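Single-letter residue listing:
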Amino acid sequence: MTETSTAPVSYTVNEGVAAIRFDRPEASNALDRAMKEQLFDALNRAGADNAVRAIAITASGKNFCVGQDLAEHVEALRADAAHAMDTVAVHYNPIMLALNAIDVPVVVGINGACVGAGLGIALGADIRIGGQRAKFGTAFCGIGLASDSGLSASLPALIGRSRATAMFLLGDTIDAATAHAWGLLHRVVADDEVATETAAVARHLAAGPTAAFKAVKHLIADNAGADLRDALRREANAQAQLGATGDHRAAVEAFLNKQRPTFVGR
């Protein structure tokens, strides 16, 4: 196991799972400069580590992440209003691009409030586990802003254009049950089970066929909005490549022998 535990983001690798935890509970895990920089570093570190086969992102305290630290933002506005929003290009865009570039499965466990850029980060994951008291919102228009962290693309893709537009314009928040019904959450669990369930799902994925997972993630991303011919071509290419892997051959043999397959990622 390797570990780096420097507030406000902790990073641990154990049995193929990189655990990234937001650790500013006293500020509801609001994203200040240090937290944004450490999150970016953790995502890049996990993405570059061949030993990492899945990633679990969770948060300490009662809330997952309430978005940008507004106290820090006010200071930036007072110091130089013309450049106060530079953090979008300097921090948020690189974070989301780093998250999007990760080939292994990413699981997020969401407790309490998940709003603004916190919601953007959560939607950048592949699977979301929510606690029963989790709640979701955009919050941007309430302070005279539009959106960042990819939310104008990711939120409509998950819950539909009409619902997403209403969440932005009206500032509505939705509870865990609604988020699950709308397809934003994969699973809802008791609040005190969020971290353990997230870790369990990540461990399950870490033991799976990572080459196939990588292909699935790329196919879904590449085929969003593609026509059928392009989607079929990409799928055929991926299947041809995966069909030649040792994981596929071993898994088929295991299935025929009524055994549990062991995946090594090749």
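As recorded by an unreviewed UniProt entry, the protein chain carries the name 2-(1,2-epoxy-1,2-dihydrophenyl)acetyl-CoA isomerase and is attributed to Mycolicibacterium frederiksbergense. Looking at the protein chain in UniProt, the text filed under Sequence similarities (unreviewed entry) is "Belongs to the enoyl-CoA hydratase/isomerase family."

1. Regarding the overall build of the protein chain
Within the protein chain one finds eleven helices and ten strands. Since a compact globule built from 266 residues should have a radius of gyration of about 18 Å, the 19 Å found for the protein chain is in line with a globular shape. Restricting to contacts in the protein chain with at least 6 residues of sequence separation, those with at least 24 account for 67%. Surface accessibility of the protein chain: about 13800 Å² in total, with carbon and sulfur atoms responsible for 54%.

2. What about the pairing of strand 3 (residues 17-22)?
Bridge count for strand 2 (residues 9-14) against strand 3 is six bridges, and the pairing is antiparallel. Bridging across to strand 3, T12 finds its partner in A19. Here strand 2 folds back onto strand 3 in antiparallel fashion, the turn holding two residues, of which E15 has a positive phi close to 55°. Relative to strand 4 (residues 54-59), strand 3 is paired through six bridges, and the arrangement is parallel. When the bridges of strand 4 are listed, I20 appears paired with I57.

3. Points about the sheet that holds strand 8 (residues 135-137)
Within the open sheet, the three strands sit side by side as 6-8-9. Their pairing is mixed. The strands lining the two open edges of the sheet, one partner per strand, are strand 6 (113-115) and strand 9 (174-175). Relative to strand 8, strand 6 runs parallel, the two sharing three bridges. Residue pairing across strands places V115 opposite G137, the latter belonging to strand 8.

4. Regarding the environment of F22
Within the element layout of this structure, F22 appears in strand 3. In this structure F22 comes out as buried when scored by relative accessible area, which is 0%. Each C-alpha atom, one on F22 and one on F64, is 7.6 Å from the other, the two residues being 42 residues apart in sequence. Residues contacting F22, with those up to four places away along its chain left out, are P8, N29, M35, L39, I57, T58, A59, S60, F64, C65 and I121.

5. A closer look at the environment of R203
Tracing the chain through its elements places R203 in helix 8 (residues 194-206). Non-local contacts of R203, meaning those with residues more than four positions away in its chain, are made with E15 and V17.

6. Notes on the nonpolar core
Of all hydrophobic cores here, the largest spans 50 residues; its most connected members are I55, F64, F136 and L184. Considering every element that reaches this core, the biggest residue donor is helix 3 (residues 86-101), with six residues. Listed in part, the eleven residues of the second largest apolar core include A54, A202, L205 and A206.

7. Focus: a nonpolar patch on the surface
A grouping of L70, M85, I143 and L145 is seen on the molecular surface, where their side chains present a nonpolar patch of about 320 Å² in accessible area. Looking at the secondary structure, you find L145 in the loop between strand 8 and helix 5 (151-159).

8. Looking at the packing of aromatic side chains
Under the defined criterion, the tally for this structure stands at one aromatic pair. Here the aromatic rings of F22 and F64 are separated by 5.1 Å at their centres, their planes lie at 45°, and the arrangement is tilted. In this pair, F22 sits in strand 3 while F64 sits in the loop between strand 4 and helix 2 (70-80), placing the two residues 42 residues apart along the sequence.

9. Regarding helix 10 (residues 228-242)
Between its terminal C-alpha atoms helix 10 stretches 21 Å, which fits the 21 Å expected from 15 residues at 1.5 Å a residue. Every buried residue of helix 10 is accounted for by A231, A238 and L242. On an axial view of helix 10, the arc spanned by its buried residues comes to 35°, and they lie on one face. Turned more than 90 degrees off the buried face of helix 10, the exposed positions are R229 and A240. Looking at the buried positions of helix 10, the neighbouring elements they touch are helix 9 (210-223) and helix 11 (246-256). Sitting at the amino-terminal end of helix 10 is D227, which places a side-chain oxygen 3.2 Å from the backbone nitrogen of R229.

Rules used in this analysis
Residues numbered from 1 in each chain as written. Predicted model: local features only at pLDDT ≥ 70, side-chain atom pairs only at ≥ 80, totals over all residues. Heavy atoms only, no water. UniProt positions renumbered as here; feature names shortened; annotations may be inferred. Helix = DSSP H or I, 4+ residues; strand = E, 2+ residues; numbered from the N terminus. Rg over C-alpha atoms; globule rule 2.2 N^0.38 Å. Contact = heavy atoms within 4.5 Å. Areas by Shrake-Rupley, 256 points an atom, 1.4 Å probe, with all protein chains shown as cover. Pairing = 2+ DSSP bridges. Buried < 20%, exposed > 50% of the residue type's maximum accessible area, 1.4 Å probe, protein only. Core = buried A, V, L, I, M, F, W, Y, C linked by side-chain atoms within 4.5 Å. Patch = residues over 30% accessible without salt bridge, like charges linked within 9 Å, V, L, I, M, F, W, Y side chains within 5 Å. Salt bridge = Lys/Arg side-chain N within 4 Å of Asp/Glu carboxyl O. Phe/Tyr/Trp six-rings, centres within 6.5 Å; stacked < 30°, edge-to-face > 60°. Expected span 1.5 Å × (residues − 1). Arc of directions from axis to C-beta. Polar contact = N/O pair within 3.5 Å; in protein donor to acceptor, adjacent residues only side chain to side chain.

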